[in-house]
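Below, each chain spelled out in residue letters.
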Amino acid sequence: MRSKMALYCLRGAVRSNYIRRNYGVCGVQLFNLYSTAAHTLRVNQQIKEKRKRALLGGGESRIDAQHKKGKLTARERIHLLCDPGSFVEYDMLVEHTCSDFGMEKQKYPGDSVITGHGLINGRIAYMFSQDFTVFGGSLSSIHAKKICKVMDQAMLVGAPVIGLNDSGGARIQEGVESLAGYADIFLRNVLSSGVIPQISLIMGPCAGGAVYSPAMTDFTFMVEDTSYLFITGPDVVKSVTNENVTQEELGGAKTHTTTSGVAHKAFHNDVDALLQLRNFLGFLPLSNKDPAPIRICDDPWDRDVPTLDTIIPQETTEAYDMLEVVVNVVDERDFFEIMPNYAKNIIIGFGRMNGRTVGIVGNQPKCAAGCLDINSSVKGARFVRFCDAFNIPIITFVDVPGFLPGTGQEHNGIIRHGAKLLYAFAEATVPKITVITRKGYGGAYDVMSSKHLRGDVNYAWPTAEVAVMGAKGATSILFKGKPDVSKYEAEYVEKFGNPFPAAVRGVYFKIGIELLFITTVSS
Amino acid sequence: MKAETFGSPKTRPGEQWYKLVEDASEKKRHVRMADEAVCIGPAATKDSYLNIDHIMLAVTKTGSQAVHPGYGFLSENAVFVEKLEAAGISFIGPSVEAINGMGDKLESKRLAQAAGVNTIPGFDGIVNDADHCVQIAREISYPVMIKASAGGGGKGMRIARNDDDARDGFRLASQEAASSFGDDRILVEKFIDKPRHIEIQVLGDKHGNAVYLNERECSIQRRNQKVIEEAPSVFLNEGTRKAMGEQAVSLCKRLGYYSAGTVEFLVDSEQKFYFLEMNTRLQVEHPVTEYITGVDLVHQMIRIAKGHPLLLTQKDIPIKGWAIESRVYSEDPYKNFGLPSIGRLYKYIEPLHVPNVRCDSGIDEGSEISIYYDPMICKLVCYGNTRNDAINTSLEALDSYVIRGVTHNIPLLRDILTETNFIEGNISTNYLSEVYPDGFKGRQLNSTDKQHILAIAACVFSKMDMRSYTFLNERPSTAKRKEPAEWTLVISLFDEELQCDVKKVGNKFHVHMKTDTLSVEDHINLSSPLIQTNINGKPIVMQLVSKDASGKLQIVYQGTTFTIFVLSDKASKFLKMMPEKPTVDVSKVVLSPMPGMVKSVSCEVGDTMAEGQEVCIIEAMKMQNSLVAGASGKVKAVHVKAGDTVGEDDVLIEFE
């Protein structure tokens with residue numbers, strides 16, 4: 001503990017020196033000894049002017065154009081994201097280095113991105129916000145360097161990086177330098193992965209190679225109607241494949257949150273997105289060295305939840321909404337669902353229990369009977385690995401009839417994709433609590449954070465049934481060719497349609513709805 | 001054994017209560033309160049509560065000696081009583097003859113006339129078809145009431161003011177009658193305008209004694225179903241009360257009626273009263289009578305069934321204080337004063353902490369309100385020494401009644417109880433349509449109310465903001481960390497916007513709006529559904545329904561839920577720059593107003609429909625609702641067919 005504290009202090013010291021030396025608004029020139037009074041005043045004036053220009057980005061008319069599109073400017077976004085007065089800007093006066101195509105005559109202090117750190121609900125975060133008003137937010141080598149600097153800094157301090165993306169793509173005038181810049185960012189995305197949380201909020205176009213940075217961050221959020229993500233835009237698509245497609249269809253928020261699964265959530269507009277992002281950060285630890293945060297909790301940890309008694313229908317084939325179970329269990333029904341519209345047969349997201357962040361994974365019987373398929377396995381696996389990397393306990397609600405059969409699934413590799421979820425649960429060493437609410441059938445039972453994959457505490461509700469497969473399928477194999485298979489079906493149900501077979505083998509901690517146990521374990 | 005909830009049965013020594021249960025209500029409260037529960041079939045009532053064979057099986061299986069039928073379902077079914085009697089089991093209710101005599105509206109009218117009871121002019125016979133219905137209606141002269149001969153409780157009843165109404169009414173009423181009672185006979189009678197519905201509670205024993213237990217005023221109704229009942233009535237004078245009571249008793253004596261019963265009257269503005277019908281069972285609203293007379297009606301029914309003579313005489317029956325029953329329904333009062341709503345009650349707290357409050361309910365936290373039954377959640381009965389006391393108690397109880405998960409009618413109940421006409425006792429069965437001619441729009445706020453709601457919203461927001469800074473296990477950061485104590489907020493309610501400054505000072509929030517500063521005590525718990533705090537030292541009760549990170553709050557004030565947006569001034573400034581999202585045009589579609597089952601579809605793709613023409617019928621909670629085209633046009637698509645189950649706001653039919 002003491003060594004950790006020392007490390008923090010050291011880091012703090014290093015950071016403040018670093019800032020003072022290199023990035024303070026009063027740059028190094030001010031301390032030069034040879035200046036005369038007049039010279040000092042002139043420099044002061046220059047600094048003031050440059051800062052003023054930097055604050056204006058691409059100028060009034062471009063700011064108006066940005067607003068007309070229903071978008072905030074890069075600075076306004078940061079202003080809203082950070083606690084009042086907490087943003088510290090880096091490299092405000094830096095300028096691009098390109099001298100081709102007349103670029104040397106067009107320079108904007110700070111170039112096309114704003115970087116720095118600030119506080120979000122009192123906690124530090126590093127951020128960059130691409131400025132579409134300057135060269136369409138295009139990525140120059142200096143733009144990339146600025147981003148890399150905050151990413152390095154965030155790694156050093158151990159704090160999240162937030163990217164507000166709004167960029168037309170590479171700065172074509174700079175050629176390979178711009179491409180190199182992308183690669184520098186990609187590398188840092190990879191090196192930071194699992195060390196600090198990385199979040200991308202796509203607030204405008206993000207096309208070409210640029211898309212791979214958000215793709216490698218932990219969470220990619222989008223803004224409805226104003227943001228796009230694609231490798232190639234509609235024009236290129238048209239010329240190559242002769243397909244007619246709009247930007248929105250090709251890579252809009254709806255496409256990516258429902259069809260492709262590229263983005264994790266979409267928000268109504270810039271303001272909604274930034275406010276929700278502030279809220280979302282409250283669920284995450286600052287780095288992999290920090291515990292899952294505990295926020296002050298007003299919801300009694302031992303609250304009785306009679307609703308849980310009635311959610312599971314008596315008919316075992318009847319669907320119900322697992323989300324009801326989830327919101328009734330977490331503090332104040334406050335559940336931040338990730339990818340709510342993609343692979344809806346699995347629910348993932350963050351909630352709190354007695355104030356501490358927990359990751360929730362649940363099969364959703366309402367959609368495709370809650371089966372595991374390629375999309376839901378990949379969705380679940382990535383989430384479980386995130387929780388594992390960042391010390392967030394995982395609570396799994398199981399009601400799974402099995403993996404989805406069919407050529408569509410097999411040919412597309414359900415085996416290797418399903419394995420990802422299995423691997424993720426087995427690998428995870430954070431506290432794992434599993435509640436079998438109803439079905440746990442076949443291999444899918446094993447996958448869903450079973451006792452056998454180092455589940456810490458596994459519960460079965462009285463409605464639980466764990467078996468290799470459903471009664472009909474099982475009896476048709478066991479009693480193949482025999483007449484009157486249906487009578488064996490009843491026998492099978494009697495035997496396996498309850499929590500006892502697993503309970504007598506010591507698989508569960510307890511049968512029954514004992515939320516009390518769940519909350520104590522997680523807090 | 002009893003088949004429906006009438007509050008908590010007081011188990012007396014040696015009594016064992018069994019409870020009949022169908023699948024859908026297995027986990028409801030009445031099941032857990034009974035000593036033992038017996039399953040009688042699936043959720044649909046015709047296979048469970050209305051299935052005599054299933055119930056007889058349960059009765060014999062448990063070895064019960066007597067059956068209390070509750071109200072509704074088989075409580076007025078003579079066949080059931082005959083079967084019970086044949087099996088040697090007593091029925092806690094009246095005789096077969098009484099049920100038969102009063103159960104049929106034509107027969108009951110004849111009997112009432114014979115007993116010297118005033119009756120309404122009408123057609124003495126069965127209506128054959130829609131044309132016959134129109135003809136009779138013309139003879140009696142409009143307006144007329146078309147109702148199921150076997151019916152009761154408002155089901156299968158329609159008012160017709162012209163020939164078209166009469167035709168539609170006949171068709172709907174006979175369909176409803178067939179589905180609810182298995183008997184589609186219809187009758188027509190004169191409809192009395194501006195009537196009051198006042199009923200007399202009677203008790204008779206098997207020895208020829210009968211008494212009346214005064215009246216209940218049940219005029220506040222929507223679609224002929226009662227919403228608020230009270231006892232006594234503000235309207236009756238002692239003479240009328242006595243006259244009505246005596247006629248009711250004379251009917252009982254004439255019938256040889258025993259057990260509890262209710263004689264319903266329509267009373268016009270001159271205190272002239274007409275016999276409507278007699279309900280040969282315990283009524284939903286019986287608790288108000290119990291409150292003012294002190295008589296336990298269920299207890300009396302059991303005594304009478306055992307053959308004991310009544311110990312009460314007419315002079316033993318007082319009017320003591322005032323009782324008001326508000327029926328809390330799971331329905332949306334903004335749609336036609338109440339269209340059914342379904343869902344699971346994820347939070348449910350009855351206001352039993354308020355003195356003189358009784359809640360008779362069949363549900364509990366976690367219960368699911370399904371489409372199979374009446375959407376009644378609870379009978380909230382409040383008592384006071386005077387009518388004012390009873391009203392005030394009702395208000396207090398409704399304000400702290402927590403119901404989450406379904407839409408409910410508390411906004412309407414709460415509003416009626418403070419409405420001038422109601423307070424003055426100036427009511428009739430047309431009350432709702434007269435007081436709210438454009439439908440119920442929620443509580444209308446005065447400026448102080450508005451200020452209070454906004455102040456509470458501001459405090460909730462500030463409290464949430466403060467909490468979002470308080471992490472218990474963070475490493476000490478290099479940054480100076482301070483939770484905020486001052487906020488400049490912009491709050492919008494409806495389309496109004498107001499700037500507001502909040503300051504946390506000690507245990508108080510100082511909320512400055514326009515020229516006023518309110519001081520709100522910080523008793524706000526963000527997890528609690530109730531907000532009970534003081535504004536400028538005055539106690540106030542509100543409810544916090546939901547809150548989210550985008551600043552949307554839902555707060556219940558005096559029954560009505562208000563949606564309020566609270567944002568910091570900078571977020572609000574930025575939000576104004578955001579473009580409005582286009583809304584979906586719903587004028588070209590017919591949406592299901594509630595969850596239910598499609599009974600019939602009366603249009604096809606390509607049909608040209610006139611505005612107001614019926615396109616389909618949705619049945620839910622045993623009520624049929626005819627949906628009409630919102631504008632004239634050609635049908636583009638029909639998404640449902642008869643028998644489909646639909647959810648609220650599902651698109652049923654699209655127009656070109």
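By the naming in an unreviewed UniProt entry, chain A is Propionyl-CoA carboxylase beta chain, mitochondrial, taken from Cryptotermes secundus. Of the comments in the UniProt record for chain A, the one headed Sequence similarities (unreviewed entry) reads "Belongs to the AccD/PCCB family." What UniProt states about chain A under its Pathway (unreviewed entry) heading is, verbatim, "Metabolic intermediate metabolism; propanoyl-CoA degradation; succinyl-CoA from propanoyl-CoA: step 1/3."

Enquirer: Explain the overall build of chain B to me, and be specific about the residues and the numbers.
Expert: For chain B, the count of helices and strands is 16 helices and 37 strands. If you take every contact in chain B between residues at least 6 apart in sequence, the share linking residues at least 24 apart comes to 62%. Just so you have it, chain B exposes about 26,100 Å², and 49% of that area is on carbon and sulfur atoms.

Enquirer: An account of the overall build of chain A is requested, with residue identities and associated values reported.
Expert: A count of helices and strands for chain A gives 21 helices and 17 strands. Looking at chain A as a whole, 55% of its 523 residues qualify as buried. Counted over contacts in chain A with a minimum sequence separation of 6, partners at least 24 positions apart contribute 72%. Put simply, chain A shows about 22,500 Å² of open surface, and 58% of that area lies on carbon and sulfur atoms.

Enquirer: Explain the UniProt feature "domain: CoA carboxyltransferase N-terminal" (unreviewed entry) in chain A residue by residue, including any values.
Expert: UniProt records the feature "domain: CoA carboxyltransferase N-terminal" (unreviewed entry) at residues 40-296 of chain A, using the numbering of this structure. For residues 40-296 of chain A, the helix share is 41%, the strand share is 17%, and the end-to-end C-alpha distance is 51 Å.

Enquirer: Can you explain the confidence of the model for chain B? Please cite residues and give values.
Expert: All names here are of chain B. Scored by pLDDT, chain B has a mean of 83; 89% of the residues are at 70 or more. Here residues 1-14 is modelled with pLDDT under 50, and outside its nearest four sequence neighbours on either side it reaches 52 contacts, counting other chains as well. Overall fold confidence for the complex sits at a pTM of 0.82, while the interface term, ipTM, reaches 0.86.

Enquirer: Lay out the pattern of salt bridges in plain terms, naming residues and giving numbers.
Expert: Taken as a whole, this structure holds 49 salt bridges over all chains when the rule is applied. Here Arg467(B) and Glu332(A) are joined by a salt bridge, their closest N and O atoms 2.7 Å apart. Separated into two different chains, Arg467(B) in helix α15 (residues 447-467) and Glu332(A) in the loop between α13 (322-329) and β10 (336-338) make up a pair that spans both. Through salt bridges with shared partners, a single network forms among Glu199(B), Arg216(B), Lys226(B), Glu229(B), Glu264(B), Glu285(B), Glu325(B) and Arg327(B).

Enquirer: Tell me what's going on with the pairing of strand β27 (residues 538-547) of chain B, and back it up with residues and numbers.
Expert: In regular strands, side chains alternate between the two faces of the sheet. Residue and element names in this part refer to chain B. Bridge count for strand β26 (residues 530-535) against β27 is six bridges, and the pairing is antiparallel. Residue pairing for β27: Leu530 is matched across the bridge by Gln543. The turn joining β26 and β27, which pair antiparallel and follow one another in sequence, is formed by two residues; a positive phi near 50° is taken by Asn536. One ladder, built from four bridges, connects β27 with strand β28 (residues 552-557); its direction is antiparallel. Opposite Leu544, over in β28, you have Ile555 as the bridge partner.

Enquirer: Run through the interface of chain B and chain A, naming residues and quoting values.
Expert: Each partner contributes to the interface: chain B provides 39 residues, whereas chain A provides 54 residues. In this structure, Arg467(B) and Asp298(A) form a salt bridge, with 2.9 Å as the shortest nitrogen-oxygen distance. In this assembly, chain B and chain A are joined by 20 residue pairs in polar contact (both at pLDDT 80 or more). At the level of elements, α15 and α16 (569-577) of chain B are the ones that each hand at least two residues to the side of chain B that touches chain A. The dominant element in the side of chain B that touches chain A, judged by the number of residues it contributes, is α16(B), at five residues. Classifying every residue of the side of chain B that touches chain A by side-chain character gives 16 nonpolar, nine polar and 14 charged.

Enquirer: With reference to specific residues and values, describe the packing of helix α4 (residues 74-81) of chain A against helix α11 (residues 270-281) of chain A.
Expert: All names here are of chain A. Viewed as axis vectors pointing N to C, α4 and α11 meet at an angle of 35°, and their least axial separation amounts to 9 Å. Along this stretch, α4 crosses α11, giving a crossing that reads as right-handed. Here α4 contributes Arg77, Leu80 and Leu81 to the contact with α11, which in turn contributes Asp270, Val271, Leu274, Leu277 and Arg278. Tallied by class, residues from the contact of α4 with α11 come to five nonpolar, no polar and three charged.

Enquirer: Describe the domain arrangement of chain A, naming the residues involved and giving the relevant values.
Expert: All names here are of chain A. Partitioning chain A into domains gives domain 1 (52-282) and domain 2 (306-511). With centres defined by C-alpha atoms, the gap from domain 1 to domain 2 works out at 37 Å. Each partner contributes to the interface: domain 1 provides 22 residues, whereas domain 2 provides 14 residues. Here domain 1 packs against domain 2, burying approximately 1,400 Å² in sum over the two surfaces, 62% of which is carbon and sulfur. Its largest share of buried area at the contact with domain 2, domain 1 owes to Phe219, His264 and Lys265, together 34% of the area lost on that side.

Enquirer: Help me get a handle on helix α3 (residues 60-68) of chain A, residues and values and all.
Expert: Among the residues of α3(A), Ile63(A), Gln66(A) and His67(A) are the ones counted as buried. The buried residues of α3(A) occupy an angular sector of 95° when projected down its axis, which confines them to one face. For α3(A), the exposed residues lying more than 90 degrees away from the buried face are Ser61(A) and Lys68(A). In the core, the buried residues of α3(A) are packed alongside α2 (37-56) and α4 of chain A together with α16 of chain B. Positive backbone phi, approximately 80°, marks Gly70(A), located one or two places after α3(A).

Enquirer: So what about the environment of Glu427(A)? Which residues, and what values?
Expert: Residues and elements named next belong to chain A. Along the chain, the position of Glu427 falls in helix α16 (residues 414-427). As for Glu427 and Val384, which are separated by 43 residues in sequence, their C-alpha atoms are 9.4 Å apart. Apart from residues lying up to four places away in sequence, Glu427 is in contact with Arg385, Asp388 and Arg454.

Enquirer: I'd love a proper account of the sheet that holds strand β11 (residues 259-267) of chain B, names of residues and values included.
Expert: Residues and elements named next belong to chain B. Overall, antiparallel pairing links the eight strands, which are arranged β12-β11-β8-β9-β10-β13-β20-β18 in an open sheet. At either margin of the open sheet sits one strand with a lone partner, and together these are β12 (273-279) and β18 (357-361). On average, adjacent strands in this sheet sit at an angle of 25° to one another, irrespective of strand direction. On top of the sheet, helix α8 (residues 238-255) reaches β8 (196-204), β9 (210-222), β11 and β12; it is set at about 115° to β9, its chief contact. Packed on one face of the sheet, helix α10 (residues 297-305) meets β8, β9 and β11 and runs near 40° to β8.

Enquirer: Explain the nonpolar core residue by residue, including any values.
Expert: Of all hydrophobic cores here, the largest spans 67 residues; its most connected members are Leu201(A), Phe280(A) and Phe350(A). Not counting the four nearest positions on each side in its chain, Phe280(A) is found in contact with Ile199(A), Phe219(A), Phe221(A), Phe336(A), Ile338(A) and Phe350(A).

Enquirer: If you had to explain a nonpolar patch on the surface to someone new, which residues and values would you point to?
Expert: Residue and element names in this part refer to chain A. A surface patch of nonpolar side chains, about 360 Å² in accessible area, is lined by Val190, Tyr212, Met216 and Ile231. Within the element layout of this structure, Ile231 appears in the loop between β8 (228-230) and α8 (234-241). On the basis of relative accessibility, which here comes to 47%, the residue Ile231 falls in the partly exposed class.

Conventions used here
Residues numbered from 1 in each chain as written. Chains lettered and ligands numbered in written order. Predicted model: local features only at pLDDT ≥ 70, side-chain atom pairs only at ≥ 80, totals over all residues. Heavy atoms only, no water. UniProt positions renumbered as here; feature names shortened; annotations may be inferred. Helix = DSSP H or I, 4+ residues; strand = E, 2+ residues; numbered from the N terminus. Contact = heavy atoms within 4.5 Å. Areas by Shrake-Rupley, 256 points an atom, 1.4 Å probe, with all protein chains shown as cover. Buried < 20%, exposed > 50% of the residue type's maximum accessible area, 1.4 Å probe, protein only. pLDDT = per-residue confidence, 0-100. Salt bridge = Lys/Arg side-chain N within 4 Å of Asp/Glu carboxyl O. Pairing = 2+ DSSP bridges. Polar contact = N/O pair within 3.5 Å; in protein donor to acceptor, adjacent residues only side chain to side chain. Nonpolar A, V, L, I, M, F, W, Y, C, P; charged D, E, K, R; others polar. Axes fitted to C-alpha atoms, helices over the stretch in contact; angles between N-to-C directions. Left-handed = near helix turned anticlockwise from the far one by under 90°. Domains from an automatic or database assignment. Buried area = accessible area lost by both parts, 1.4 Å probe. Arc of directions from axis to C-beta. Core = buried A, V, L, I, M, F, W, Y, C linked by side-chain atoms within 4.5 Å. Patch = residues over 30% accessible without salt bridge, like charges linked within 9 Å, V, L, I, M, F, W, Y side chains within 5 Å.

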